[in-house]
Amino acid sequence: MRFRGGLLEKAGVVGVLVIGVLLPNLVGHSAATLGKLDALLALAILAVAMNIVLGFAGQLFLGPTALFAAGGYLAAYLAIHYEFTQSLVAMCVISVSASLVLALIIALPALRIGGFYLGMTTLYLALVITTVASRFNAFGAEHGLSLYASLTFEQRPTGVALYELGVGILALVALYSWLIRSSRLGRRLSAVRASDVLAQSVGIAPYRTKLAAFLLAAVPSGIAGAFYVYSEMFIVPNSVSPNQSIDVVAGLVIGGSGTILGPIIGVAGLSGADQFFGGFEKYQGLVYGGLLIVVAAVLPSGAIGTLKEQTDRFFARTELAGTGLREPGSSRPPTGIIGGLRRFFARSAEPGLPAPADTVADDLPDNLAGERTVAMPGGIIPPRSDFPPLVVHDAHRAFGGVKAVAGLDLTIEPGKVHALVGPNGSGKTTALNLICGYFGVDSGEICIGEDRLDNLSPDRIARMGIARTFQTPRLLASASPLENVVLGADRHAKGTLWGAVLHSRRSWVADRESTARALSLLRWIGVDNRALASAEVMSHGTQRLVEIARAISLEPKYLLLDEPAAGLSIAEVEVLSRVVRAVANAGLGVLLIEHNLPVVFGLADQVTVLHQGRVIAAGSPAEVSVHPDVIDVYLGHNRLDGELPVPAPTDSSS
Amino acid sequence: MYLFLDAIIGGIAIGSIYGLIGVGYASIFNATKVFNLAQGDLVMVGIMSSYFALDVLRWPQWGAALAVPAFVTLVAVVEERVAVRFHLKKVSANRLGWFISTLGFSLLIETTVNLSFGSHPVVAIPSPLPLGGFHLGESLFGYRQLFVVGTFAAVIVLLELFYARTWMGKAMRATAEDREAASLRGVNPVTISRAAFALGGLTAGVGGFVIAPLTFSDPTIGLTYTLDGFLALAIGGFGSIRGAIVGGLLLGISVQLFDLYLGIRFDVLGRLVLLLLVLTVRPEGLFRTTVARSV
């Protein structure tokens, strides 16, 4: 039996919950103890919720108690004044609404900049909520709000039963966050965590995705606030101060952001130690601070995350050479919440992906990658030819005084390879960035048929069918090639995102199809024997090929490659050439930016030569290679008799 | 009318405090692109060590004026070594590791100060200047307030001179522009980040010493300063000294006007609204041009 970190984590979550259930038997049933335990539970729920933003989506959110407090205060306020809002369910509804509204108000502007701006703004929000609450008599000022004053308020259930209910809520919230992480939405979040640019290149809108993460996290945060108020029966400004926020974030990060178990262990462990071992709280800041510095430096994925990675590394050692993937089974797909539960306990290696086979499928050495590339299996790239050419007309773009692109005209025909060459700094990459929307044009037009592309957002352009790669491959570093390519294949997955989060049957099928497509693409480029290894340990060339596979998996109309052959081995260049040719044969338009002229002239149907932002020559490879200006630019004035190191153009259908 | 003038004067004085904190942030951020979350705590260390030197040790003012900035500079240099340098060396892997790390350091500072001074009653810290001040109509511009404003102005002038005239200042700007290119030209990035933190610490120390007489010896004030300094910079624009000046003064004056016209209860809320407004209308702050992204 194969043992992996994911399994360890699941076992850990279950173990912690069991300990949670038994805890009153260990530490006592007194009201005071249960009160402490309930508060701890609320913090743990809050941490698991915040992990969706901080861990999954990688957005700095430093004010978890702000959402918690807003919900808690409103629920308490209403419960004091209106009898019908006194049940736990009603308080949850109120608290969740307040938390959602506040998340929206703060995230809409703050996400526009993101980064530490978001962190500081949300931390400030936590201060604002506390300060406002402590200054208004309606919220009890410094004394907070107490439900003891209400004659009609009555806890149902009470005592141990209420505590056990809280453990149940924690379990559900943990499952909720697991469902998100292991869905298509979870993969989107991890793309956004890696970088906005990466996310946009696969058609993901970063802003909307981050906002979704915020709202998804706000729901359980509100529940945590309601549970806190309901069980403690009071809420005071001090218990929701920014310092408390920092403690929650610290516990989350130390425990392991991005994992399910880490936040629970981190917050419950650190805050629990703080509450149950007297005198510790004076030194709490030293412990938190020291641990944070250490974790940030050497354990970026926290205690549990590191444990998970090390487990994977240790147990994968024997089969790293050839991690074959089992074909997805034909049994009925587990769907819905129950199915989600079943999948939670299943031993699949990667969330949402089929389990790896126990046997070593094939064991090809890396350097034979080229020979693995047989004819393209049918269906990888659906042949198409029903779309107009991509036209760049008189595009200009200047950076300060530098005219990077000055009057570029370019037409990429479907089914053709169009090469864009030129010396360093001639504006090739800028041109590509203009087409893909990473830079706006100062003037000029970029269109496909009637559709104008210029000044649309990059993710929008990617969704319109323009896929690209980068000079330095941008992959999810800690993920496998398979996950990277699935990220692209997800673009055409059927079913709604909600369905995906709930693990509907449809999304299960969609995931399976995406995985199968990604696998056949990886097989095609000769990386399938390493499909589940970590992308960051792969050679530069492999990373490039994986990135190209991801771009193709988007099923684009146009594929734009930025120096794809740079740093590739001879065998890998061979794979690349075949891939490019096959893509064009399938009817896609290819824009190839490349310095390797033999590769360019071997592949291209059309060549455009840029020099200092201007087109100096355009035409077939044969025409361009003898063009005097081109020779001049490449070889200099004194070598007019020189020739470019170009082979005779080969038959393009080879 | 004199209430309004009072609010403006008070706003300029408080704004200078925010500006001083903001300038400290900016001098670290400009060279290292690190937003030092412990900056407010460094200012707090400045205030608390002023208290320690003046109230406990009974040092003369000039002694404290020298010792306090020196001590805070030392703390900042230690912070650079312990919590930041490691993250500057790494390439992009964990882009915001320094954020968590400086947050951790701020906890260390706060707890250490709390353990040392937490039990003492919060007291006023003596000032080198007498009470009283200049009369502007019915309003009073206190000498102590003026001292803060003057120090803020002096710090700005000295910093501008430092960046424009000295080799180290130019090297810092070069490193901010392109760390790799600067190191190829013989600028040692480690020297730069250490110097940047020393500069940030010095600014925080001077600020703490100057602010001390206007506030109390409260070791928990650090986080508030951290947040206020951030607000000033976010409003004014990150990465420029001018942004810190404009942001600080604008924030200070608005806060006073909030207090005057809305009541002190709304002061924090008013600031949040101001921040969200700036983030919505001009996300990069009032004094900052958007930098083109490179892919």
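As the structure is a computational prediction, the values presented were derived from the model and not from experiment. (Residues numbered from 1 in each chain as written. Chains lettered and ligands numbered in written order. Predicted model: local features only at pLDDT ≥ 70, side-chain atom pairs only at ≥ 80, totals over all residues. Heavy atoms only, no water.)

Trainee: I keep staring at the sheet that holds strand S10 (residues 589-593) of chain A and nothing clicks. Help me out?
Mentor: All names here are of chain A. In spatial order, the strands read S8-S9-S10-S5-S11-S12; together these 6 strands make up an open sheet with mixed pairing. The two strands at the open ends of the sheet, each matched to only one other strand, are strand S8 (466-468) and strand S12 (614-619). Across the sheet, the axes of successive neighbouring strands diverge by a mean angle of 20°, strand direction being ignored. Where strand S9 (residues 558-562) meets S10, 5 bridges bridge the pair, whose relative direction is parallel. Bridge pairing in S10 links Tyr558 to Gly589. Along the sheet face, helix H21 (residues 540-553) touches S8 and S9 and points at about 160° away from the line of S9. (Pairing = 2+ DSSP bridges. Helix = DSSP H or I, 4+ residues; strand = E, 2+ residues; numbered from the N terminus. Axes fitted to C-alpha atoms, helices over the stretch in contact; angles between N-to-C directions. Contact = heavy atoms within 4.5 Å.)

Trainee: What is the right way to look at the environment of Leu249 of chain B in this model?
Mentor: Of note, Leu249 of chain B is situated in helix H10 (residues 241-261). Residues Leu249 of chain B and Gly46 of chain B, 203 residues apart in the sequence, show an inter-C-alpha distance of 22 Å.

Trainee: What's the story with the interface of chain A and chain B in this structure? I'm lost.
Mentor: Accessible area lost during the coming together of the parts is what is often quoted as the interface size. Chain A puts 52 residues into the contact, and the matching count from chain B is 53 residues. Both faces considered, chain A and chain B share a buried interface measuring about 4,500 Å² in area, 76% of it formed by carbon and sulfur atoms. Between the two partners, chain A and chain B, sit 0 salt bridges. At the boundary of chain A and chain B, one finds 1 residue pair in polar contact (both at pLDDT 80 or more). Of all the elements in the fold, those that place two or more residues in the side of chain A that touches chain B are helix H4 (88-110), helix H5 (115-135), helix H7 (184-194), helix H8 (196-201), helix H10 (242-256), helix H12 (284-298), strand S3 (390-399) and helix H16 (428-436) of chain A. Sort the elements by how many residues they give to the side of chain A that touches chain B and H5 of chain A lands first, with 14 residues. Among the residues forming the side of chain A that touches chain B, the class breakdown is 34 nonpolar, 11 polar and 7 charged. (Buried area = accessible area lost by both parts, 1.4 Å probe. Salt bridge = Lys/Arg side-chain N within 4 Å of Asp/Glu carboxyl O. Polar contact = N/O pair within 3.5 Å; in protein donor to acceptor, adjacent residues only side chain to side chain. Nonpolar A, V, L, I, M, F, W, Y, C, P; charged D, E, K, R; others polar.)

Trainee: Honestly, the sheet that holds strand S6 (residues 443-448) of chain A in this entry has me stumped. Any pointers?
Mentor: For sheets, the rule is that strands pair by backbone hydrogen bonds, running either parallel or antiparallel. Residue and element names in this part refer to chain A. Within the open sheet, the 4 strands sit side by side as S4-S3-S6-S7. Their pairing is antiparallel. The outermost strands of the open sheet, each flanked by one partner alone, are strand S4 (402-412) and strand S7 (451-452). The sheet contact formed by S6 and S7 spans 2 bridges and is antiparallel. Bridging from a neighbouring strand, Cys447 pairs with Arg452 of S7.

Trainee: So what exactly am I meant to see when it comes to the packing of helix H3 (residues 61-89) of chain B against helix H8 (residues 189-211) of chain B here?
Mentor: Axis angle and axis distance: for two packed helices, these are the angle between their axes and the distance between the axes, and together they describe the pair. Two numbers describe how H3 of chain B lies on H8 of chain B: the axes approach to 7 Å, and their chain directions differ by 145°. Here the hand of the crossing between H3 of chain B and H8 of chain B comes out right-handed. (Left-handed = near helix turned anticlockwise from the far one by under 90°.)

Trainee: Is there a simple way to think about the pairing of S3 of chain A in this case?
Mentor: Within a regular strand, side chains alternate between the sheet's two faces. All names here are of chain A. Here S3 pairs with S4 via 8 bridges, running antiparallel. When the sheet's bridge partners are listed, Val391 is paired in S4 with Thr411. Between the antiparallel neighbours S3 and S4 lie 2 residues, among them Gly400 with a positive phi of about 60°. For S3 and S6, the ladder comprises 5 bridges, and the chain directions are antiparallel. Along S6, the bridge assignment pairs His393 with Glu445.

Trainee: What should I look at first to understand the pairing of S12 of chain A in this one?
Mentor: Looking at chain direction, strand S11 (residues 606-611) of chain A and S12 of chain A are connected through 5 bridges and run antiparallel. Bridge pairing in S12 of chain A places Thr608 of chain A opposite Ala618 of chain A.

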